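# Working through the structure, step by step
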Amino acid sequence: MPQAYEASLAGWGNHPRLRCVVTRPERRRELQRVLDARGTLGRGLGRSYGDAALNDRGTVIDMTGLDRYLAFDEERGELRVEAGASLRQIIDDFAPRGFFPRIVPGTKFVTVGGSIANDVHGKAHHVDGCISESVVDLDLLLADGSVRRCSRDENAELFWATVGGMGLTGLVLAATLRLRRIETTYFRQKAIRVGNLEEMVAALDEHDRQHRYSVAWVDPMAKGERLGRGVLTVGDPASLEDLPAAKRYKARAVSPPSPLVVPLEMPSFALNSTTVRLLDVVIEQMQAGAGALAHYEKFFFPLDFVGEWWRGYGPKGFIQYQFVIPLDDGLRRMRGILERIVASDQVPFLNVLKKFGKANPAPLSFPFEGYTLAIDFPVRPGLGELTRDLDARVLDAGGRLYLGKDSMMDAATMAAMYPRLEEWRAVKKSVDPDGVFTSNLARRVGLA
Ligand SMILES: Cc1cc2nc3c(=O)[nH]c(=O)nc-3n(C[C@H](O)[C@H](O)[C@H](O)COP(=O)(O)OP(=O)(O)OC[C@H]3O[C@@H](n4cnc5c(N)ncnc54)[C@H](O)[C@@H]3O)c2cc1C
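Bear in mind that the values here come from a model prediction, so they are computed numbers and not experimental data. (Residues numbered from 1 in each chain as written. Predicted model: local features only at pLDDT ≥ 70, side-chain atom pairs only at ≥ 80, totals over all residues. Heavy atoms only, no water.)

Of the pockets and cavities examined, the second largest pocket occupies roughly 190 Å³. Each residue belonging to the lining of the second largest pocket can be placed in one class, and the counts come to four nonpolar, three polar and four charged. (1 Å grid on protein atoms, 1.4 Å probe; cavity = no way out; pocket = protein on both sides within 12 Å on 5 of 7 lines; lining within 4 Å. Points joined across faces, edges and corners; volume = space filled by probe spheres on them. Nonpolar A, V, L, I, M, F, W, Y, C, P; charged D, E, K, R; others polar.)

Right, dumping it as structure tokens:
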């Protein structure tokens, strides 16, 4: 039986930070015994930004001790793995053998279970969809201690309620993931500078048809005619012939851990409009000046280069505000939202814009066909007022927020943004009538 201990936990944004009772089982059979009827939550690597993986004064089960490979079907490229395994671990072990996760978010330090609970998306959503597209099946530990295998054909309703279900239907114990065959761990890429939002949207529309991966950095400070200016980066997997001779003998190289870590929390005043402007110049140069060939580490996970970088935002932490709005009238709506942000006295940083493809059948999965923007804001007085105003604009545009990033939205906004919430609640009630699985996010937005 694993020891339980009290710990101060936060998501990646370090806001909020709460005391939880943590256990870290290493065997499946231990899990039944640590389920706490007064409220339990699974947690992966804590890369959700807000309170999705927090349970104030309640039990949090750290799933990272369950990280074993259970089976690998090389012919089909299907890996059966425990839910606490990280994408980093899978890449390190399987990329040299010619396999890579089909969908990866902007960090590799996420677990399989956490990625399923948020139904994470990557730079290829318009082609590949979310991680659920690559989940063949999953084993779910329910509140009554039983285990149910879920897939598109077996317990399908529960499968779709678990995908994007924020850990609230049960604990994902293991999943079968379909991996992608790769010739190399490199990507061909191209950076396109764009002068304003109209050009950015036109560039996304044009290049998404030609490339598997696309993502844009948008200058968070640009105003007026330059509003929405930035750099669009598009790319595709590199074949062996695409590599220069010197790289071919190590075509499927994986990267060693980065030695760089932000050692201390920066003071709150360190990130202000002047320092952000300076950092933005550096980021823009890096984006625009990127070479034609990039290793997956730089291509998918540039932010992983510096460990614990959340400390750079200071002790009060930060939020990431990510929303999606429909394509229809999307340009005008996006312009209104960006104008509101630049006119505020907050300090927006690291704006990332993407175009999503079609939604999948999961009632709480975030992406649908539209434009998505993610913006970091250090937590400062007045931020709540701004996000409430942005929520209203996103809602009015027919859009919604990403629960995996959120820490501010209220239950009424949630219900309005996710019209299939009742459908999800009915499935939750059928498998967890007493609400054993809960979290701060669940209680805040009405999922508990
Ligand atoms: C730098 C950075 C870049 C990112 N880029 C993207 C991106 O491009 N796209 C994107 O979609 N997301 C992105 N994210 C968010 C991140 O991918 C998700 O929040 C992911 O779910 C985190 O996984 P985790 O293992 O850390 O889960 P945690 O944050 O620990 O938990 C997330 C949720 O999963 C639940 N959970 C965890 N394990 C289990 C389990 N075994 N069974 C049931 N529920 C479980 C938790 O209860 C919680 O609700 C990014 C995050 C960072 C820090």
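Read from one edge of the open sheet, eight strands run β14-β11-β13-β12-β16-β17-β15-β18, paired in antiparallel fashion. Among the strands making up the open sheet, the edge pair consists of β14 (293–295) and β18 (400–401). Sheet topology note: the strand β11 (residues 186–194)/strand β13 (residues 230–237) ladder contains eight bridges and is antiparallel. Bridge pairing in β13 links Arg188 to Asp236. (Pairing = 2+ DSSP bridges. Helix = DSSP H or I, 4+ residues; strand = E, 2+ residues; numbered from the N terminus.)

Here we come to the site of the ligand. Surveying the vicinity of the ligand reveals 35 residues, the closest of which are Gly42, Gly44, Arg47, Thr111 and His121. In this structure, Leu45 approaches the ligand through a main-chain N or O atom, which is 3.1 Å from an oxygen atom. In the environment of the ligand, a nitrogen atom lies 2.8 Å from a nitrogen or oxygen atom belonging to the backbone of Val172. Its free accessible area being 970 Å², the ligand has 96% of it covered by the protein chains. For the shell around the ligand, the secondary structure elements donating two or more residues are β3 (40–43), α3 (112–117) and β10 (171–181). In terms of residue count, α3 provides more of the shell around the ligand than any other element does, four residues in total. Partitioning the shell around the ligand into residue classes produces 18 nonpolar, 14 polar and three charged. (Near = heavy atom within 4 Å. Polar contact = N/O pair within 3.5 Å; in protein donor to acceptor, adjacent residues only side chain to side chain. Areas by Shrake-Rupley, 256 points an atom, 1.4 Å probe, with all protein chains shown as cover.)

On to the side chain of Asp139. As for its placement among the helices and strands, Asp139 is situated in strand β8 (residues 135–141). On the basis of relative accessible area, Asp139 is assigned to the buried category, the value being 5%. Setting aside chain neighbours within four positions, we find Asp139 in contact with Arg28, Arg80, Val147, Arg148, Arg149, Leu171, Val172, Leu173 and Ala174. (Buried < 20%, exposed > 50% of the residue type's maximum accessible area, 1.4 Å probe, protein only. Contact = heavy atoms within 4.5 Å.)

On to helix α13 (residues 421–431). All buried positions along α13 are accounted for by Leu421, Trp424, Val427, Lys428 and Val431. All buried residues of α13 project into a common sector of 125 degrees when viewed along the axis, lining one side. Facing away from the buried side of α13 by over 90 degrees, the exposed positions are Glu422, Lys429 and Ser430. Tucked into the core, α13 has its buried residues touching β9 (147–151), α5 (156–162) and α12 (411–417). (Arc of directions from axis to C-beta.)

Glancing now at the environment of Ala288. Within the secondary structure layout, Ala288 lies in helix α8 (residues 273–288). Spatially, the C-alpha atoms of Ala288 and Leu232 are 8.4 Å apart, while their sequence positions differ by 56 residues. Those residues in contact with Ala288, other than ones at most four positions away along the chain, are Ala191, Arg193 and Val231.

Keep in mind these numbers describe shape, not what the thing actually does.
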